[in-house]
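# Report on the structure
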Amino acid sequence: MDKKIRVLAAKPGLDGHDRGVKVVTSALMDAGMEVIYTGLRQTPAQIVEAAIQEDVDVIAMSILSGAHDYLFPKVMELLKEKGVDDVLVIGGGIIPDEDIPALKQAGIAEIFGPGTSTEDIVKYIKENIKR
Amino acid sequence: MQNINQGLTDALNNWTEGVEKRLGKNPERKQNFVNTSGIPVNRLYTPVDIADTDYLSDINFPGEYPYTRGVQPTMYRARHWTMRMYAGFATAEESNRRYKFLLEQGQTGLSVAFDLPTQIGYDSDSEMAIGEVGKVGVAIDSLKDMETLFDGIPLDKVSTSMTINAPAAVLLAMYIAVAEKQGVPPEKLTGTIQNDILKEYSSRGTYIFPPKPSMRIITDIFSYCAKSVPSWNTISISGYHIREAGSTAVQEVAFTLANGIAYVEAARQSGLDVDTFGPRLSFFFNAHLDFFEEIAKFRAARRLWAKIMKDRFGAKNPRSQMVRFHTQTAGCTLTAQQPKNNIVRVAFQALSAVLGGTQSLHTNSMDEALCLPSEEAVQIALRTQQLIANETGVADTIDPLAGSYYVEALTNEIYQRAEEYIRKIDEMGGAVSAIEKGYVQREIQESAYKYQREIEQGKRIVVGLNKFQVKEEKPTNLLRVDPTVRVDQIERLRKVKSERNDNEVNNTLAALRQGAGGTDNLMPLILDAVKTYATLGEICDVLRGVFGEYQQVSTLGS
C-alpha cells in the first residue's frame, strides 16, 4: 500500500457548480491522495479516457444540475465497454434519494449528498478501493 | 468627526479592565470571535470605534452620495422592494404556468431561470444537452419558445429579470421581439439581463467565448440599450455566485466591484461615456448567515462603488454612482438535514437584505438542498418576504441600523478590506487578468475549503448538520422534471425549423458572421436573426466560429 491512491475528480455535463468538487479535491489531497481534477464540462467519454490515461483507482464525480440520471450511468457504460472494472466510482451533488438505487444498480459504488463530511469520503475511498 | 473625550476613553478602559478581571471565573464562549471575512468581532462597540467616521461624507442621507443609507430618499416608505422569485423549469409552457401562479400570489416581478444548454448556447437537440434539458430552468431554443414563455403576460406591465450571461444578447433580442409582437415598444421594457461574464469564469461556469469578445458583446449591449431600450438594466454585476462558490463577504464585495470596474473600463474604451451606461448598471448580492456582517456588506458596497464611479471614472450622474441591487438568500447555507429549518435561515437572511436596503429579493425555498422548489415551498418563501414587508415594521423607517456602533464600524472595515483587494487586483492588471491568472478562483476556493474545515472541526455550528441532529425520514414527493421534456422540446424545435424561411435564416446568420468579424454592434444583427426563428444554438455557433471558446484555467494542485 505504498503507492498513493490516485483519484480523478470530474464534473460531467454542463453544470458549473464546482465548490463541492474543489473542496473534496483539496480534502483528498490533504489526506495524501493524488487527485487530478478535470475542470468543468466533461463528457462521459472524456472522463473515461482521462481515467484510463491517468490510471486512477477512483473516479469521483459531482453533479448538481439533475443530469446525474443520464451522465453517471453513461460513464459506467463506457467504462464497461473499455473493459475497466478495477476503478471505484463514486458520486456527489444534489441527488434525490429515490434516484440512488438506480445509480448503484448501474455500478456507482456510493453517493455522497449535501452535508457529507470530507472525512467520510476519505475513509470510504480507503476502505473500498479495488486493489 | 465625533469628539471622543478623555472621559469616555477612561471609562471604557475601566469597564474593559473590570470585565477582563472576571473572565477567569466566567470565561467567554470563545477565545476569539471572528466573522466569515476574518474580521475580529469585539466584545463591545462604542463611539470610540467610529470616531473617524464623518456622517456627511461617509454615511449621509438616503439618496445622497455616497448612498451608504440607501439609494432612494424614501426607500420602502414609498414602495417595498420588488419580490422576485427565480423560477423556471421544463418547458416554456410549464414555466409560464409557474409565472402566472407567482403573479397571482402577489409577486411583483418575474425572474427567469434557463436550463444549462440555453445558458451555454446549445439547442435541446445538441449532444451536449443530453440529460440537462429543462433541468435547472426552462429550455429556450428559438423565439417560438420565448413567445410561449410570456404568453398572456403583458411585457409593458411586468419587469423581468433573466439569468443569462454568455448568450444574453440573444435572449434579450428574443424578449424585444416578443414584446414587439405584443405591441409593446422596446422603450417600455423594464427588467434586467445578468450579462456578467467575468463571474462565470471565476465562479458560475456558464461561459462560452473568451474574455475579449465577451466584453465586446457586453459593451455592444450597453450601447444598444442606451439608445433603444433605455429602461433596461443591461447588466447585473453579481457577487451572489462568487459567495456561493465559497468567498467571504469582503471578497464578495471586492471581486464584484472589481468586475464592475472592468466593465466600465471596457465600455469607456469602446467610446461610451460613463454617464450614458452607468445608470443602467445593477448589482446582485448574496444574503448569507452572519446577520450584521451582511447588512454592513450591503452598506459598504454602496459607499465603495459610489466613490469608484465618482473619483475613478468621473461619473457625474448620481444614478451612475448608485448600487441598485437584487439579493438572493444564500443557497449554499441550506441543509438537506431538517429542511424546515431552512425556512428560518431564509427569513433571517431576507431580513438582513431588507435592512441592507435591497431593491429586489429572492427568498430560497426550504427544499433547495434536495431538488427544485415545490409550489408549496416557493409560497412559504414568498410569504416570508410579505411578512417582513407587512408585519415586522422594519420597512417603516430608512436604514434603521445606521448609527449602530457595530454596524458602522463593520461597514468601515468591510469597505477598507474590499478596497485593499481591489488595489491588489488593479496591480495585477484588473479583474480580467486576475481571473486569467486564477487568482480570484484560488482566493475563493481557499475560503470555501476553510469554511468546510471549520464545519468538520466543529468550529462552525450548522444546526441539524453537526449539532442538534435527529434521525429523520427522507422527504418524498420532490419536484421532478419529466424526462420526456427533452423529446418534446426536440419535436418543437424540429417543427419550428420546418416552418421557417431558411433563406432568411441563412442570410441573417451570414450577416451576423460578418458583423462579428468586424466592429459593428452585434445587437441589431442578432435581433434580425432571432426574428427569422434562427435558433439560439445556430446563433451561438456562428459566434463560436468567429470568437472561439474559453478554456478554463486550472487552479488546483501544485
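Residues numbered from 1 in each chain as written. Chains lettered and ligands numbered in written order. Predicted model: local features only at pLDDT ≥ 70, side-chain atom pairs only at ≥ 80, totals over all residues.

## Structural notes on the pairing of strand S2 (residues 34-37) of chain A
Residue and element names in this part refer to chain A.
- Of the two faces of S2, only the one carrying Val35 and Tyr37 is buried; Glu34 and Ile36 on the other face are not.
- Relative to S2, strand S1 (residues 6-10) runs parallel, the two sharing 4 bridges. Each residue of the ladder has a partner; that of Arg6, found in S2, is Glu34.
- Between the parallel pair S1 and S2, the chain is carried across by helix H1 (residues 19-30), and the sense of this crossover is right-handed. (Buried ≥ 20, exposed ≤ 12 C-beta atoms within 10 Å, placed from the backbone. Helix = DSSP H or I, 4+ residues; strand = E, 2+ residues; numbered from the N terminus. Pairing = 2+ DSSP bridges. Right-handed = clockwise from strand over helix to strand, strands pointing away.)

## Some remarks on the sheet that holds strand S8 (residues 325-329) of chain B
All names here are of chain B.
- Spatially, S5-S4-S3-S2-S1-S9-S8-S7-S6 is the arrangement adopted by the 9 strands of the open sheet, whose pairing is parallel. At either end of the open sheet lies a strand with only one pairing partner, and these are strand S5 (232-233) and strand S6 (235-238).
- The pairing of strand S3 (residues 160-162) with strand S4 (residues 191-193) spans 3 bridges and is classified as parallel. Residue pairing in the sheet places Met162 in a bridge with Ile193 of S4.

## Some words on helix H19 (residues 485-499) of chain B
All names here are of chain B.
- Taking 1.5 Å as the rise per residue, H19 with 15 residues should run 21 Å; its terminal C-alpha atoms sit 21 Å apart, in good agreement.
- Taken residue by residue, H19 has Val485, Arg486, Gln489 and Leu493 as its buried positions. Here the buried residues of H19 occupy an arc of 90° about the axis, which is enough to place them on one side. For H19, the exposed residues lying more than 90 degrees away from the buried face are Val487, Arg494, Lys495, Ser498 and Glu499. (Expected span 1.5 Å × (residues − 1). Arc of directions from axis to C-beta.)

## Remarks on the sheet that holds S1(A)
Residue and element names in this part refer to chain A.
- One open sheet holds the 5 strands; their spatial order is S2-S1-S3-S4-S5, and the pairing between them is parallel. The outermost strands of the open sheet, each flanked by one partner alone, are S2 and strand S5 (110-112). Strand after strand, the sheet turns through a mean of 20° between neighbouring axes, direction not considered.
- In this structure, strand S4 (residues 88-93) lies alongside S5, joined through 3 bridges in parallel fashion. Bridge pairing links Ile90 to Glu110 in S5. (Axes fitted to C-alpha atoms, helices over the stretch in contact; angles between N-to-C directions.)

## Regarding the interface of chain A and chain B
- Counting from both sides, the interface comprises 28 residues of chain A and, opposite them, 32 residues of chain B.
- Put simply, the parts of the chain that give the side of chain A that touches chain B at least two residues each are H1, helix H3 (68-81) and helix H5 (118-128) of chain A.
- Top contributing element to the side of chain A that touches chain B by residue count: H1(A), with 5 residues. (Contact = placed C-beta atoms within 7 Å.)

## What to know about helix H3 (residues 92-104) of chain B
Residues and elements named next belong to chain B.
- Over its 13 residues, H3 extends 18 Å from the first C-alpha to the last, a length consistent with the 18 Å expected when each residue adds 1.5 Å.
- Among the residues making up H3, those that are buried are Ala92, Ser95, Arg98, Tyr99 and Leu102. Axial view of H3: buried residues confined to an arc of 120°, hence all on one face. Away from its buried face by more than 90 degrees, H3 exposes Arg97 and Glu104.
- Next to the buried residues of H3 lie strand S1 (82-87), strand S2 (109-112) and helix H5 (143-149).
- Positive phi shows up at Gly106, right after H3, with a value of about 100°.

## With respect to the domain arrangement of chain B
Residue and element names in this part refer to chain B.
- Splitting chain B by domain gives domain 1 (70-456) and domain 2 (494-547).
- On a C-alpha basis, the centres of domain 1 and domain 2 stand 28 Å from each other.
- Counting only elements with at least two residues in the side of domain 1 that touches domain 2, the list comes to H5, helix H6 (168-182) and helix H8 (211-228). (Domains from an automatic or database assignment.)

## Thoughts on the packing of helix H20 (residues 502-517) of chain B against helix H22 (residues 536-547) of chain B
Residues and elements named next belong to chain B.
- Axis separation between H20 and H22 bottoms out at 9 Å; the angle between their running directions is 30°. Handedness of the H20/H22 crossing: right-handed. The segment H20 lies against H22, with Leu509, Leu512, Arg513, Ala516 and Gly517 engaging Glu538, Ile539, Val542, Leu543, Gly545, Val546 and Phe547.
- For the contact of H20 with H22, the per-class residue count stands at 8 nonpolar, 2 polar and 2 charged. (Left-handed = near helix turned anticlockwise from the far one by under 90°. Nonpolar A, V, L, I, M, F, W, Y, C, P; charged D, E, K, R; others polar.)

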